[in-house]
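# Report on the structure
Letter by letter, the chains look like this.
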Amino acid sequence: MSNVSRLSLASNSQAATSPLRLLVLSNGHGEDVIAVRILQELQRQSNPPEIFALPLVGEGRAYQKLDIPLIGSVRTMPSGGFIYMDNRQLVRDVRGGLLQLTLSQIKAIRRWVSSQKKLGNKRAILAVGDIVPLLFATFSGANYAFVGTAKSEYYVRDEAGLLPRKSKDARWENFSGSVYHPWERWLMSRRRCKAVFPRDALTTETLKQWPIPAFNLGNPMMDGLQPTFSRQQFYSQDSQQQEIVRPFVVTLLPGSRPPEAYANWEIIMIAVSALMASFQERDSIFYTSNRVVFLGAIAPGLDSHILSQSVQSQGWRTESACPIQIADPNILTFKQRNAYLLLTQQAYNDCLHLGDIAIAMAGTATEQFIGLGKPAIAIPGNGPQYNPAFAEAQSRLLGSSLILVEQPAEVAKIVQSLFKDPDILQIIAENGMRRMGKSGAALRIAECLQERF
C-alpha cells in the first residue's frame, strides 16, 4: 500500500472517530437562547460535537456565557432585529452597516467550512430562526439542519381550516399551501438538509406534504421554565383549602427592550388601575377575594427604579411584607388597599407559574405563559416590537389563549368574563399547551441531531 493510501485511510479513520464540528447560526436574541438550550443538551450527549457559533443579529451573549467561540464579526443593529416589521428600521440598519456585516458573515461561514474540510473534520450547520440562517446554511456546502422559530401554520390556519383575514394582502402568506413559501421549502428539501424542526405539530404535518425531513419534537421555548417551588404543593391534602385562601395573581409582562418596555409598563399600569377598580364592584367575582397580587416579571436589563416611580405615581406605597413566596431577595413590594404589586428581576419562571392570567405586551414571554395553559390579555403598543401588527399576528399564532384589547381599560371586563366560565378556561388551557408543546424539546432535538449528523 502506498504512503498516500495509508494517509488517506488514516485521515478517513480519524474523521470517523473524531467529534462532529457544529456551527450554529441564529438571527436574534430569542433564537440565540433557543439554540443554546439545544447546545446544552448536545454537550450532555456521549461524544458531543465541538461547537462554534455565529449570531447574525446582536452580540451573541448567550453563546459567550457557554464559552462557545464565535467565528466572525458580530454587531448590534439599530433595529435590534425587528426590521421585518418596519421598513424604516431596515433603512436604519443599512446605514448602520448591515450589508457589510452580512457579507463578512457569509465569508466567515465559508472560511469555517473550508478550514474544517481541509482538516478532514466532519462538519455540519444548525440554523435557528428564519430564512436568513437557513439560506446561509444551504449555500455553505455543509450538511445542515433547521429549527424554524419564526413561522407557524397557526398564523394562517387552525385545525378547522384557514383563518378569516381582513387584508387582501394576507392571502399571500399562504398562497402556495403553507406559510413556508416554495423557495423556503426548496431550501429545506435539499439533499444536505438532514432535519427540519418546526415549532408545532400542525406546521410539521403541513411540511410533510413535500420531501422535507420534518420532525415534530416540540418547541424549545417551553424548556427551562421550571419554578423554584415544588409543584407538589398544589396537590397536597389541604390543596383545596389553599386554593380558596390563596390570592388571585395577575402576571405583568411589559417586554424586555428599553425604552419600549417602559412605555408598555405605563399602559399596563392603566390596565391594573382599571382592574383594581372593577374588583371593588359588588357584582365582581373577586369582590370577596382576600388579596390580589400583581406580579411584574421585569427583565434584568430594565431599570426597576423607573418602573417603581410609575407604580408609586398610581398611588401604590412601598411595603416590607411580601404576600407570596418568591425566590428573589431583592423583590420590590407595593400595596394599595387589599392588593399587592411585586417587581422581580430574578424570578421569571415563578412569575409564569404563579399567574392566573397575564397582562402582556411581550413576545416570547407571552407565548411561554400561554404554553403553560393560561390566558393572556394583550394591549398593542407603539413598537418597534409590540405594535398592533405584531400583536394581531401573535393572536393568530396563539388562538383563543390570547385576547386582544384596544384600550387598557378593557382588561377588567375581559378578566371578569373569563373567570366566570371554567369551561372557557379549560379550552384555553388545552389550546395553549397544544400550540406551544410539551417541555423537553431541546433534548429530543439534540438526540435527533446526533442521529442525523
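All of the points below concern the structure found in this document. Bear in mind that the values here come from a model prediction, so they are computed numbers and not experimental data. (Residues numbered from 1 in each chain as written. Predicted model: local features only at pLDDT ≥ 70, side-chain atom pairs only at ≥ 80, totals over all residues. Heavy atoms only, no water.)

## Structural notes on the packing of aromatic side chains
Under the criterion given, the structure shown has 9 aromatic pairs. With a centroid separation of 5.7 Å and 55° between ring planes, the pair formed by tryptophan 172 and phenylalanine 175 is classed as tilted. Three or more aromatic residues joined by ring pairs make a cluster, and in this case those are Trp172, Phe175 and Trp183. Seen from the ring of tryptophan 210, arginine 185 lies directly overhead, with NZ or CZ sitting 3.8 Å from the centre. (Phe/Tyr/Trp six-rings, centres within 6.5 Å; stacked < 30°, edge-to-face > 60°. Lys NZ or Arg CZ within 6 Å of the ring centre and 35° of its normal.)

## So, the nonpolar core
Ranked by internal contacts, the top residues of the largest apolar core, which has 129 residues, are Phe294, Trp316, Leu341 and Ile359. Ranked by residues supplied to this core, first place goes to helix H10 (residues 260-279) with 10 residues. (Core = buried A, V, L, I, M, F, W, Y, C linked by side-chain atoms within 4.5 Å. Buried < 20%, exposed > 50% of the residue type's maximum accessible area, 1.4 Å probe, protein only. Helix = DSSP H or I, 4+ residues; strand = E, 2+ residues; numbered from the N terminus.)

## Side note on the pairing of strand S11 (residues 332-336)
Regular strands show a simple pattern: their side chains alternate between the two faces of the sheet. The element S11 is extensively covered by neighbouring structure, given that 4 of its 5 residues are classed as buried. Sheet analysis places strand S10 (residues 317-318) next to S11, joined by 2 bridges and oriented antiparallel. Bridged to arginine 317 within S11 is lysine 335. Relative to strand S12 (residues 339-344), S11 runs antiparallel, the two being bridged by 5 bridges. Bridge pairing in S12 places leucine 332 opposite leucine 343. The turn joining S11 and S12, which pair antiparallel and follow one another in sequence, is formed by 2 residues; a positive phi near 55° is taken by arginine 337. (Pairing = 2+ DSSP bridges.)

## As for the sheet that holds strand S15 (residues 402-404)
Here we have 8 strands laid out as an open sheet, ordered S10-S11-S12-S9-S8-S13-S14-S15, and mixed in their pairing. Both edges of this open sheet fall to S10 and S15, since each of them pairs with a single strand only. Strands strand S8 (248-253), strand S13 (357-360), strand S14 (376-378) and S15 of the sheet are contacted by helix H13 (residues 364-371), whose axis makes an angle of about 150° with S8. (Contact = heavy atoms within 4.5 Å. Axes fitted to C-alpha atoms, helices over the stretch in contact; angles between N-to-C directions.)

## Looking at the pattern of salt bridges
Within this structure, the stated rule accounts for 11 salt bridges. Here arginine 44 and glutamate 41 are joined by a salt bridge, their closest N and O atoms 3.0 Å apart. Among the residues examined, arginine 44 registers a relative accessible area of 59% and is labelled exposed. Close ionic contact of glutamate 392 with arginine 396 constitutes a salt bridge, the shortest N to O distance being 2.9 Å. Note that glutamate 392 and arginine 396 are positioned in helix H14 (residues 388-398) at a spacing of 4 residues, about one turn of the helix. Linked through salt bridges whose partners overlap, the residues forming this network are Arg165, Glu173, Glu392 and Arg396. (Salt bridge = Lys/Arg side-chain N within 4 Å of Asp/Glu carboxyl O.)

## Some thoughts on helix H16 (residues 422-436)
Across its 15 residues, H16 extends 21 Å between first and last C-alpha, which sits within 8% of the 21 Å expected from 1.5 Å per residue. Along H16, the positions that sit buried rather than exposed are Ile428, Ala429, Asn431, Gly432, Arg435 and Met436. If you follow the buried residues of H16, they end up packed against strand S5 (157-158), H13, H14 and helix H15 (411-418). At the N-terminal boundary of H16, the capping side chain belongs to aspartate 421, with an oxygen 3.1 Å from the backbone nitrogen of aspartate 423. The first or second residue beyond H16 is glycine 437, which carries a positive phi of 85°. (Expected span 1.5 Å × (residues − 1). Polar contact = N/O pair within 3.5 Å; in protein donor to acceptor, adjacent residues only side chain to side chain.)

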